[in-house]
Amino acid sequence: MLSTHIIYSSSEACTVFDIGGLQKVVGTPTAPGKEQWAETPERRLEENAPSTRVRVQVPGGDGGHSAASAGEESSRLISGCLADAKCVSGQQEEGRGSESSGSRRRSSRPTGSAQTRAAVYTVGSFFHWLWTFSGFTMPPPADIVKVAIEWPGAYPKLMEIDQKKPLSAIIKEVCDGWSLANHEYFALQHADSSNFYITEKNRNEIKNGTILRLTTSPAQNAQQLHERIQSSSMDAKLEALKDLASLSRDVTFAQEFINLDGISLLTQMVESGTERYQKLQKIMKPCFGDMLSFTLTAFVELMDHGIVSWDTFSVAFIKKIASFVNKSAMDVSILQRSLAILESMVLNSHDLYQKVAQEITIGQLIPHLQGSDQEIQTYTIAVINALFLKAPDERRQEMANILAQKQLRSIILTHVIRAQRAINNEMAHQLYVLQVLTFNLLEDRMMTKMDPQDQAQRDIIFELRRIAFDAESEPNNSSGSMEKRKSMYTRDYKKLGFINHVNPAMDFTQTPPGMLALDNMLYFAKHHQDAYIRIVLENSSREDKHECPFGRSSIELTKMLCEILKVGELPSETCNDFHPMFFTHDRSFEEFFCICIQLLNKTWKEMRATSEDFNKVMQVVKEQVMRALTTKPSSLDQFKSKLQNLSYTEILKIRQSERMNQEDFQSRPILELKEKIQPEILELIKQQRLNRLVEGTCFRKLNCRRRQDKFWYCRLSPNHKVLHYGDLEESPQGEVPHDSLQDKLPVADIKAVVTGKDCPHMKEKGALKQNKYCIWTDGLNALLGKDMMSDLTRNDLDTLLSMEIKLRLLDLENIQIPDAPPPIPKEPSNYDFVYDCN
């Protein structure tokens with residue numbers, strides 16, 4: 001090892017040189033001949049870790065000898081070293097050879113007095129010693145990392161790796177140190193639980209203090225395992241499959257194993273191997289279960305790397321996997337992996353979706369939800385979601401009807417949501433996806449315009465009128481003129497609150513909400529008839545200027561609820577925001593509407609609103625609904641009680657506590673001040689976004705099953721001209737240097753930034769609401785000279801504008817503002833005090 005970390009230390013009994021974490025102890029005249037190597041208590045491998053002067057008492061010393069002062073020692077050593085790059089004092093002990101490697105200089109015991117002790121230094125090592133002796137630590141070169149390397153049966157090596165050297169040369173150097181031939185058959189891997197191989201692509205992730213392991217190369221390992229899993233010995237096969245399941249998580253190994261047609265071998269084992277060992281299963285059931293479990297685990301891990309297409313698998317393999325799911329009694333690990341495979345098949349191949357849908361029915365999946373294993377429940381709901389998501393439009397409603405018949409909602413509510421255990425993040429995500437897919441069934445009605453000539457649709461409006469004003473009031477077909485009946489209809493439609501009193505069907509030609517609004521009105525009139533009649537009659541008896549138009553309110557409320565619940569949007573891959581109350585009723589959206597329409601009527605009365613205040617009322621109702629939803633009520637009744645506490649008066653109090661009076665900001669001088677300082681604030685936000693891009697961000701990589709065990713990092717160069725990015729095995733603790741990110745993208749090559757549904761690579765836009773995504777879209781738009789349009793920018797602009805205006809409106813007349821900030825007060829003598837924020 002190179003002598004780049006030397007500490008010279010003197011004590012009463014000895015001299016200690018610390019070289020790369022190993023100490024050389026040299027005796028003194030009072031302890032002649034006492035010389036040895038010793039390990040430091042802690043090997044200082046961390047980058048920039050402070051050096052430690054070690055004091056070692058050597059047996060045989062009198063313990064009372066006083067060494068020369070550090071100043072005298074350093075003066076003599078400096079003068080000697082500057083003279084001829086060596087410091088030699090006294091005569092070296094005869095017959096003593098170098099115990100360290102050729103790259104490490106060893107000190108020798110001088111025969112002179114304590115004042116003339118010395119060692120041999122290289123020039124570079126001496127100045128490193130001088131730096132350390134002065135109390136400083138020299139930063140290591142950027143391309144050098146200090147690591148420990150293990151090899152079974154040997155003592156670990158401490159080594160400095162030059163990142164500029166080829167990896168094969170470093171492996172050869174390590175093998176030569178242990179006298180291992182054929183270095184091309186070896187590789188380095190992390191010694192932690194990941195066991196990932198070091199490659200030229202990821203070698204820059206090695207940090208100071210990393211522990212590596214010398215091991216068989218991926219190609220050799222793959223070849224050996226490929227042979228071992230075909231062994232006739234059950235024990236050997238089981239051990240090989242266990243190793244394969246562990247190693248398959250590494251993409252380097254996975255690529256080598258797949259190149260050997262390993263995927264085909266595993267699928268053949270699943271298809272035919274189970275029959276081959278059916279007889280053995282009865283007498284060796286645990287062994288058989290473990291073997292199949294490891295086989296499926298290895299298959300899942302290999303396929304997760306995206307190297308092999310899912311379209312290559314046979315119907316026999318799909319049938320076999322489906323049979324594991326359909327069996328009533330199956331090992332938990334086998335069932336879990338089988339469900340994961342089915343989910344990936346459905347999500348990644350349209351052809352496989354059709355084949356899986358033929359083999360798996362909802363009824364066969366339901367029993368897995370009634371168990372107590374949350375992982376199995378999660379994977380089961382994931383398969384249901386995948387089948388739901390990939391089903392053709394004409395089959396989705398049919399699937400929804402089957403789910404209702406099988407009482408899926410009540411089973412999930414009983415065995416998952418209200419089970420006596422916490423819901424983990426993955427389960428919460430799957431419930432959110434199911435919630436979104438269920439609400440998306442409303443999209444077809446939401447985007448369907450009413451046909452004014454369709455008699456069946458017109459009959460729905462007639463039914464609303466009949467329920468509200470009673471059938472007895474309707475004139476007989478044989479009596480009365482047509483004009484009288486039209487006049488009556490017009491009067492009643494006006495009382496119902498339609499905009500078009502003559503032909504209310506025209507009110508439902510706008511999409512959204514289309515026919516969905518009429519469906520909700522009819523559901524409310526039939527299932528909550530008393531509340532419906534009360535609302536209609538109350539408003540028909542008021543003065544015109546204070547009536548709450550039921551028809552118009554229902555249409556706008558339906559549109560608002562669709563926006564809140566994002567009806568028609570695909571589920572986000574990162575969101576976990578499900579609402580338990582929507583799993584408590586088969587017609588949850590309609591019930592949600594019924595509660596909110598009654599809230600709207602109540603808020604209208606509390607605000608004493610007129611028709612001119614319609615939009616203001618809708619804004620208050622939206623705020624009431626959103627605030628109630630954030631509390632995640634467990635049932636619709638609880639949601640209703642939350643709304644009771646959020647009256648208009650309470651909303652006003654909340655608004656006043658959260659922001660300044662809006663009227664103060666609408667005056668002309670304030671608006672002019674806003675317009676004047678807004679460009680300055682926007683420039684400040686722009687610089688903050690660009691600074692964040694320069695710092696860089698670590699993003700999670702999501703595979704087809706949403707596993708988030710991989711990362712990638714991206715950062716902007718300081719000159720704002722290049723984006724550097726690359727994959728990481730683990731989340732970094734700090735900034736990742738530019739030179740460790742292999743891929744580059746010139747900013748000049750970026751033509752535009754597209755997000756959400758406009759982006760061909762994304763299926764959803766929910767993720768863009770997260771702060772780091774907003775920061776990056778803003779930053780990229782700023783680089784391209786475009787406006788920053790994210791919600792985060794709007795919020796930051798409002799916040800900073802509000803703060804700046806408040807500061808500028810402060811009454812500071814006759815108040816002297818200091819040029820420098822006030823001094824920080826001294827710390828208190830003790831902290832035995834408490835401040836109650838309440």
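Quick look at the structure, then. (Residues numbered from 1 in each chain as written. Predicted model: local features only at pLDDT ≥ 70, side-chain atom pairs only at ≥ 80, totals over all residues. Heavy atoms only, no water.)

Considerations on the overall build of the chain
So the rule is basically this: Labels follow the DSSP assignment, with helices taken as runs of H or I lasting at least four residues and strands as runs of E lasting at least two, numbered in each case from the N terminus. Relative accessibility decides the category of a residue: with a 1.4 Å probe and only protein chains considered, values under 20% of the type maximum give buried, values over 50% give exposed, and everything between is partly exposed. Note on contacts: a residue pair is in contact if any heavy atoms of the two residues lie within 4.5 Å. For the area figures, the Shrake-Rupley method with a 1.4 Å probe applies, and any residue is considered shielded solely by the protein chains shown.
For the chain, the helix and strand inventory stands at 30 helices and twelve strands. Counting every position in the chain, which comprises 838 residues, the buried fraction comes to 44%. In the chain, the proportion of contacts linking residues at least 24 apart, taken out of those at least 6 apart, comes to 66%. For the chain, the accessible area works out to roughly 44,100 Å², and carbon and sulfur atoms hold 50% of it.

Let's talk about the sheet that holds strand β8 (residues 211-216)
This is how it is decided: Whether two strands pair comes down to DSSP finding at least two bridges between them. Fitted lines through C-alpha atoms serve as axes, helices being fitted only where they are in contact, and the angles separating the N-to-C directions of these axes extend from 0 to 180 degrees.
Spatial ordering of the open sheet is given by β6-β5-β8-β7, a layout of four strands whose pairing is mixed. Every other strand in the sheet has two partners, leaving β6 (157-162) and β7 (186-190) as the edge strands with one partner each. Sheet twist, expressed as the average angle between the axes of neighbouring strands with direction ignored, equals 45°. With six bridges connecting them, strand β5 (residues 144-150) and β6 associate as antiparallel partners.

Observations regarding the packing of helix α14 (residues 374-390) against helix α17 (residues 425-439)
This is how it is decided: Working rule for angles: under 35 degrees goes down as roughly parallel, over 145 as roughly antiparallel, 65 to 115 as roughly perpendicular, anything else as oblique. Two helices crossing with the near one rotated counterclockwise from the far one by less than a right angle form a left-handed crossing, whereas a clockwise rotation gives a right-handed crossing.
For the pair α14 and α17, interaxial distance at closest approach is 9 Å and the crossing angle is 30°. Comparing their axes, α17 and α14 come out roughly parallel. When you trace α14 past α17, the crossing you get is left-handed. Counted together, Gln374, Gln377, Thr378, Ile381, Ala382, Asn385, Phe388 and Leu389 of α14 and Glu426, Met427, Gln430, Leu431, Val433, Leu434 and Leu437 of α17 form the full contact between these two elements.

Some details on the pairing of strand β10 (residues 710-716)
Within β10, five of the seven residues are buried, which leaves it mostly tucked inside the rest of the structure. Here strand β9 (residues 697-701) runs beside β10; their pairing, made up of five bridges, is antiparallel. Within β10, the position partnered with Arg700 by the bridge is Phe711. Both β10 and strand β11 (residues 722-728) contribute to a ladder of six bridges, which runs antiparallel. When the bridges of β11 are listed, Leu716 appears paired with Leu723.

Considering a negative patch on the surface
The condition is simple: Within the patch definition used here, like charges are joined within 9 Å and nonpolar side chains (Val, Leu, Ile, Met, Phe, Trp, Tyr) within 5 Å, considering only residues with over 30% relative accessible area and no salt bridge. When a carboxyl oxygen of Asp or Glu lies within 4 Å of a side-chain nitrogen of Lys or Arg, that pair is called a salt bridge. Positive charge is attributed to Lys and Arg, negative charge to Asp and Glu, and no charge count is given to His or to the chain ends. We put the charge of a Lys on NZ, of an Arg on CZ, of an Asp on CG and of a Glu on CD.
A surface patch of negative charge is lined by Asp393, Glu394, Glu443 and Asp444. Listed by contribution, the elements that provide at least two residues to the negative patch are α15 (393-405) and α18 (443-446). Topologically, Glu443 is positioned in helix α18.

Side note on the nonpolar core
What counts here: We define a nonpolar core as any set of buried Ala, Val, Leu, Ile, Met, Phe, Trp, Tyr and Cys residues linked to one another through side-chain atoms lying within 4.5 Å.
Within the largest apolar cluster, 83 residues are counted, with the highest numbers of intra-cluster contacts made by Ile229, Leu244, Leu266, Phe299, Met345, Ile412 and Leu431. Ignoring any residue separated from it by four or fewer positions in sequence, one finds Ile412 in contact with Leu369, Ile381, Ile417, Leu431, Leu434 and Phe583. Judged by nonpolar contacts, the second largest core, of 67 residues, contains Leu464, Ala525, Ala609 and Val620.

A look at the packing of aromatic side chains
Rules: Any two rings among Phe, Tyr and Trp, with Trp reduced to its six-membered ring, count as a pair given centres within 6.5 Å; such a pair is stacked if its planes are under 30 degrees apart, edge-to-face if over 60, and tilted if neither.
Counted according to the given criterion, the structure contains 23 aromatic pairs. Ring geometry for Tyr532 versus Phe550: centroids 5.3 Å apart, planes at 65°, classification edge-to-face. Remark: Phe550 occurs in helix α23 (residues 550-564) and Tyr532 occurs in helix α22 (residues 529-540); sequence separation between them is 18 residues. The burial state of Tyr532 is the same as that of Phe550; both residues are buried.

Here's the deal with unusual backbone geometry
Generally, phi is negative for residues other than glycine and the peptide bonds are trans, each holding for most cases. Here the bond from Thr511 into Pro512 is cis, since omega is -15°, no more than 30 degrees from zero. Of note, the bond from Pro512 into Pro513 is cis; its omega dihedral lies within 30 degrees of zero at 15°. Residue position: Pro513 is located in the loop between α20 (482-495) and α21 (515-527). At Ser179, a residue that is not glycine, the phi angle is positive and equals roughly 60°. With respect to the secondary-structure elements, Ser179 resides in the loop between α3 (167-177) and β7. For Ser179, a relative accessible area of 67% corresponds to the exposed category. For Lys566, which is not glycine, the phi torsion reads 55° and is therefore positive. Given the relative accessible area of 34%, Lys566 is considered partly exposed.

Some details on the side chain of Glu591
When you line up the elements, Glu591 lands in helix α24 (residues 588-607). Salt bridges are absent for the buried Glu591, whose nearest opposite-charge side chain, Lys640, sits at 6.8 Å. Non-local contacts of Glu591, meaning those with residues more than four positions away in its chain, are made with Tyr523, His528, His585 and Leu636.

Overview of the environment of Ile597
Mapped onto the fold, Ile597 is located in helix α24. Here Ile597 falls in the buried class, since its relative accessible area comes to 3%. Sequence-wise, Ile597 and Ser553 are 44 residues apart; in three dimensions their C-alpha atoms are separated by 7.6 Å. Apart from the residues within four sequence positions on either side, Ile597 is in contact with Phe524, Ile535, Phe550, Ser553, Ser554 and Leu557.

With respect to the packing of helix α10 (residues 315-326) against helix α12 (residues 350-359)
This is how it is decided: Note on residue classes: Ala, Val, Leu, Ile, Met, Phe, Trp, Tyr, Cys and Pro are nonpolar, Asp, Glu, Lys and Arg are charged, and everything else, Gly too, is polar.
With their axes 10 Å apart at the nearest point, α10 and α12 run at an angle of 40° to one another. When the axes of α10 and α12 are compared, the pair comes out oblique. Where α10 crosses over α12, the handedness of that crossing is right-handed. Taking contact as the criterion, the partners of Val315, Ile318, Lys319, Ala322 and Asn326 in α10 are, on α12, Leu352, Lys355, Val356 and Glu359. Tallied by class, residues from the contact of α10 with α12 come to five nonpolar, one polar and three charged.

Considering the environment of Pro504
Topologically, Pro504 is positioned in the loop between α20 and α21. For the pair formed by Pro504 and Lys494, sequence separation is ten residues and the distance between their alpha carbons is 9.2 Å. Residues within four places of Pro504 in sequence aside, it is in contact with Ile461, Tyr493 and Phe498.

Some details on the pattern of salt bridges
Close approach of charged atoms allows side chains with opposite charge to pair. The tally for this structure, following the rule as stated, stands at 25 salt bridges. Note that Arg627 and Glu623 form a salt bridge whose closest N and O atoms lie 3.1 Å from each other. With Arg627 and Glu623 both in helix α25 (residues 614-630) and four residues apart, the pair spans about one turn of that helix. The class for Glu623 is buried, based on a relative accessible area of 16%. When salt bridges that share partners are traced, they join Arg465, Arg491 and Asp492 into one network.

Describing the sheet that holds β10
Read from one edge to the other, the open sheet built from four strands follows the order β9-β10-β11-β12, with strand pairing classed as antiparallel. The sheet is open, and its two borders are formed by β9 and β12 (743-746), each paired with just one other strand. Neighbour-to-neighbour, the strand axes of the sheet open up by a mean angle of 25°, direction not taken into account. Helix-sheet contacts for helix α29 (residues 771-783) involve β9, β10 and β11, and the interaxial angle to β9 is about 120°.

Quick look at helix α28 (residues 668-695)
Helical geometry note: an α-helix holds 3.6 residues per turn, so side chains three or four residues apart project in the same direction. The test is simple: Any helix carries an expected span of 1.5 Å times its number of residues minus one. Two axes enter the definition of the bend at a residue: one is fitted to the seven residues ending there, the other to the seven starting there, and the bend is the angle between them.
Spanning 28 residues, α28 covers 40 Å between terminal C-alpha atoms, matching the ideal 40 Å at 1.5 Å per step. At Ile677, α28 is deflected by roughly 40°, the largest bend along its length, and proline Pro679 occurs up to four residues later in sequence. Of the residues making up α28, those classed as buried are Ile670, Leu673, Ile677, Ile681, Ile685, Arg689, Leu690, Leu693 and Val694. Buried residues belonging to α28 abut β10, α29 and α30 (791-808). Just past α28, the residue Gly696 takes up positive phi, approximately 90°.

Points about α3
Cut-off, in case you're wondering: Summarising the geometry, the arc corresponds to the directions from the helix axis toward the C-beta atoms.
Listing the buried residues of α3 in full gives Leu167, Ile170, Ile171, Val174 and Cys175. On an axial view of α3, the arc spanned by its buried residues comes to 135°, and they lie on one face. The secondary structure elements touched by the buried residues of α3 are β5, β6, β7 and β8. Just downstream of α3 lies Ser179, where phi reads positive at about 60°.

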